[in-house]
Amino acid sequence: MEEGGGIRSRLPNTRAGLAFVAAVAVTLGLFILQRFYSPLTDGPHCSDLAAPLGGNNRSVIAFKNDQRGALDLKLRLDKEQFRAGEPLTLHLTFINEGGGPIILHLNLEGPILTSDPTVDGVTFEITRVGAGAPIANQPRTYQAPVTFSNPDTLHLLGAHTRCTETYSFSPADLAAIGVTEGEYRIRASYRNDSPGDPRPIQPIDATATPYPQYATSQGVWVGETRSNEERFAIGGP
């Protein structure tokens, strides 16, 4: 009896065998793509996620658990070397590591270049390599409202899922705070200190909810989280 023949001799030449080989190939292909092609792991745009329904249409898991440590950030730049006069484009991924959904608040005016820890929303801190202190801050500030009356600013990020926002800073914005040619570090932060008070926008005869806190909170995620640090350069070769 002839022995050997390799893997092909061990797999029957049947539909089931061929399907098994195809499934393995597809799995390996997806693994390689996800490993080396980041957009596949970015998820949808955060600003495209639907707003929460509100009221008692809330996750009991999120309500009963402290979600502060559930949110993580991952920062990715398009490249490490930017030409002088070229916008700085980056991608910020919000990752929900918790077992319940998280309600994100995204300021419609966009992120702020600042190291000020009192500014809410998405901020980016840039530090020149070789210097100990951050560069100048943009003269903008932002505080989350007491009541989130605009549903376009709220986005529901499901448990164990992620979403990504892409931001671009113009050369003028960068130059205004002293980011010119040179090497830099950048890190993102996301802060929110307002869970939202729905009472000002509730109807007078609002239906009672099974959890009293739902009547006084919109359930927006409260806390602060920071991303990884990335390096980039402007100008040069």
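Quick look at the structure, then. Keep in mind that this is a model prediction, so the values were computed, not measured.

**Considerations on the overall build of the chain**
Secondary structure assignment for the chain yields 4 helices and 10 strands. When the helices and strands of the chain are read in sequence order from the N terminus, they spell out α-α-α-β-β-β-β-β-β-β-β-α-β-β. For the chain, buried positions account for 37% of its 237 residues. Accessible surface, the chain as shown: approximately 13,800 Å² in total, 56% of it carbon and sulfur.

**Some remarks on the state of the cysteines**
Applying the stated rule across the entire model yields 1 disulfide. The disulfide partner of Cys46 is Cys163, and the gap between their sulfur atoms is 2.1 Å. Taking the sign of the S-S torsion, about 95° here, the bridge from Cys46 to Cys163 comes out right-handed. Of this pair, Cys46 sits in the loop between helix 2 (15–36) and helix 3 (60–64) while Cys163 sits in strand 8 (residues 162–169), and the two are 117 residues apart along the sequence.

**Observations concerning the pattern of salt bridges**
Enumeration over the complete set of coordinates arrives at 7 salt bridges. Within the structure, one salt-bridge network assembled from shared partners comprises Arg185, Arg187 and Glu229.

**What about the sheet that holds strand 10 (residues 223–234)?**
Pairing is mixed across the open sheet formed by 5 strands, whose spatial order is 2-10-9-6-5. A strand with exactly one partner marks an edge of an open sheet, and here the two such strands are strand 2 (81–82) and strand 5 (112–113). By the bridge criterion, 10 bridges tie strand 9 (residues 182–192) to strand 10 in an arrangement that is antiparallel. Pairing of Tyr190 across the sheet is with Thr225, part of strand 10.

**A closer look at the pairing of strand 4 (residues 102–105)**
Regular strands place side chains that alternate from one sheet face to the opposite one. Neither face of strand 4 is left uncovered, since the one carrying Ile102 and Leu104 and the one carrying Ile103 and His105 both have all their residues buried. Bridge count between strand 4 and strand 7 (residues 154–157): 4 bridges; the pairing is antiparallel. Along strand 7, the bridge assignment pairs Leu104 with His155.

**Brief notes about the nonpolar core**
If you look at the biggest cluster of nonpolar residues, it comprises 34 residues, and the most contacted ones within it are Phe94 and Phe124. Within the residue set of this core, elements represented by two or more residues are strand 1 (71–77), strand 3 (88–96), strand 4, strand 6 (121–128), strand 8, strand 9 and strand 10. If sequence neighbours within four positions are ignored, Phe124 has contacts with Leu75, Leu90, Leu92, Pro111, Ile112, Leu113, Thr114, Tyr167, Phe169, Ile186, Arg187 and Ala188. In terms of nonpolar packing, the next biggest core, distinct from the first, is built from 5 residues, Ile103, Ala144, Phe148 and Leu154 among them.

**Re the sheet that holds strand 8**
In space, the 3 strands of this open sheet follow the order 1-3-8, with antiparallel pairing throughout. Both outer strands of the open sheet, strand 1 and strand 8, are each paired with one neighbouring strand and no more. Adjacent strand axes in the sheet meet at a mean angle of 20° when their direction is disregarded. One ladder, built from 8 bridges, connects strand 3 with strand 8; its direction is antiparallel.

**Brief notes about unusual backbone geometry**
Even without being a glycine, His160 presents a positive backbone phi close to 55°. Looking at the element boundaries, His160 is found in the loop between strand 7 and strand 8. Of the residues examined, His160 reaches a relative accessible area of 59% and is grouped as exposed.

**Side note on the packing of aromatic side chains**
Counted under the stated rule, the structure contains 6 aromatic pairs. Ring centres 5.8 Å apart and planes at 70° place the aromatic pair Phe124 and Tyr167 in the edge-to-face group. Of the two residues, Phe124 sits in strand 6 while Tyr167 sits in strand 8, which places them 43 residues apart along the sequence. Exposure remark for Phe124: the relative accessible area of 1% places this residue in the buried category. For the pair Phe124 and Phe169, a centre-to-centre distance of 5.6 Å together with 80° between the ring planes defines the contact as edge-to-face. Of this pair, Phe124 sits in strand 6 while Phe169 sits in strand 8; the two residues are 45 residues apart in sequence, bridging distant segments of the chain.

**A short note on the side chain of Thr114**
Structurally, Thr114 can be placed in the loop between strand 5 and strand 6. A polar contact is formed between the side chain of Thr114 and the backbone nitrogen of Asp116, at a distance of 3.0 Å. Those residues in contact with Thr114 that sit more than four places away from it in its chain are Val119, Thr123, Phe124, Glu125 and Asn137.

About the thresholds
- Residues numbered from 1 in each chain as written.
- Predicted model: local features only at pLDDT ≥ 70, side-chain atom pairs only at ≥ 80, totals over all residues.
- Heavy atoms only, no water.
- Helix = DSSP H or I, 4+ residues; strand = E, 2+ residues; numbered from the N terminus.
- Buried < 20%, exposed > 50% of the residue type's maximum accessible area, 1.4 Å probe, protein only.
- Areas by Shrake-Rupley, 256 points an atom, 1.4 Å probe, with all protein chains shown as cover.
- Disulfide = S-S within 2.5 Å.
- Salt bridge = Lys/Arg side-chain N within 4 Å of Asp/Glu carboxyl O.
- Pairing = 2+ DSSP bridges.
- Core = buried A, V, L, I, M, F, W, Y, C linked by side-chain atoms within 4.5 Å.
- Contact = heavy atoms within 4.5 Å.
- Axes fitted to C-alpha atoms, helices over the stretch in contact; angles between N-to-C directions.
- Phe/Tyr/Trp six-rings, centres within 6.5 Å; stacked < 30°, edge-to-face > 60°.
- Polar contact = N/O pair within 3.5 Å; in protein donor to acceptor, adjacent residues only side chain to side chain.

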